[in-house]
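Next come the chains, spelled out residue by residue.
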Amino acid sequence: MAKDQTPLDRELDELPPELRWREWMRRIEAVLFASATPVPRDDLARVVGQGASVDLLIADLSADLEGRAFELARVADGWMLRTRPAYAPAIRAAADVGHQLFDLSEFDIAVLAAIAYHQPITRDGLKEIFGKEISRDLTDRLHGRGLIATGPRAPQRGAPFTFVTTDRFLAAFDLETLLDLPEREQLDDAGLGPA
């Protein structure tokens, strides 16, 4: 779908500075509200004037949302609005969010974790970790939910494709980057490491 080509007054020269800043904040809020995926800085910069700092606008918008039911979250190289975790029970009780749930089995999550920690990883690499073949149905299911994507081809015989996690994976597990994954020692201490 093509983006609207209607000219957008980015500079808003007719407004006093404080109203101009407020309008730029609201534009960023509107873009984030309408997007189902994290919005990168460059995309947000398209709706504000040249003298505007997207980082400062984001900081002011985040402060403006304090005490509200939703928050601004940094995910990968962009930002998104999401409901604060404290309101999850209320949402599940009253809203139809069934299509948003991932409904993953324990083994699905284990495979997803292996991909996250070892990416880019081939199907053979997953087989080495789990000691058995990982079905194409499972990887197709994770791919279909947008949690993994096809990575670069592995530099080995046959150049098989690899698997990598996506921005949707980061958002689903409340991570800003892969560096926010728990360290393996923390998983072992919690009894979640390999047996």
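Residues numbered from 1 in each chain as written. Predicted model: local features only at pLDDT ≥ 70, side-chain atom pairs only at ≥ 80, totals over all residues. Heavy atoms only, no water.

(A) Spotlight on the packing of aromatic side chains. Counted under the stated rule, the structure contains 3 aromatic pairs. Pairing W21 with W24 gives two aromatic rings, centres 6.2 Å apart and planes at 70°, and the pair type is edge-to-face. With W21 and W24 both in helix α1 (residues 17–34) and 3 residues apart, this pair spans about one turn of that helix. Since its relative accessible area comes to 6%, W24 is described here as buried. Between F169 and F173 the ring centres are 5.1 Å apart and the planes differ by 45°, which places this aromatic pair in the tilted class. Since its relative accessible area comes to 4%, F169 is described here as buried. Lying over the aromatic face of W79, R74 brings its terminal NZ or CZ to 4.6 Å of the ring centre. Just above the ring of F161 sits the side chain of R153; from NZ or CZ to the centre is 3.8 Å. (Phe/Tyr/Trp six-rings, centres within 6.5 Å; stacked < 30°, edge-to-face > 60°. Helix = DSSP H or I, 4+ residues; strand = E, 2+ residues; numbered from the N terminus. Buried < 20%, exposed > 50% of the residue type's maximum accessible area, 1.4 Å probe, protein only. Lys NZ or Arg CZ within 6 Å of the ring centre and 35° of its normal.)

(B) Up close: the nonpolar core. Ranked by size, the top nonpolar core spans 22 residues in total, and within it V111, L112, I115, L126, L142 and F169 carry the most contacts. Secondary-structure elements contributing two or more residues to this core are α5 (106–118), α7 (136–144) and α8 (167–172). Broken down by element, this core gets its largest block of residues, 5 residues, from α5. When sequence neighbours within four positions are dropped, the list of residues in contact with F169 reads L112, A116, G146, L147, L175, L178 and L181. (Core = buried A, V, L, I, M, F, W, Y, C linked by side-chain atoms within 4.5 Å. Contact = heavy atoms within 4.5 Å.)

(C) Representation of the side chain of E29 within the structure. Its location among the elements puts E29 in helix α1. Take E29: its relative accessible area is 16%, and that puts it in the buried class. Beyond its immediate chain neighbours, meaning those up to four positions away, E29 contacts L61, L65, F70 and L81.

(D) Structural context of the confidence of the model for the protein. The predicted model of the protein has a mean per-residue pLDDT of 87, with 90% of residues at 70 or higher. Looking over the protein, one finds the lowest element-wise mean pLDDT in helix α9 (residues 184–189), namely 72, and the highest in helix α3 (residues 54–64), namely 96. (pLDDT = per-residue confidence, 0-100.)

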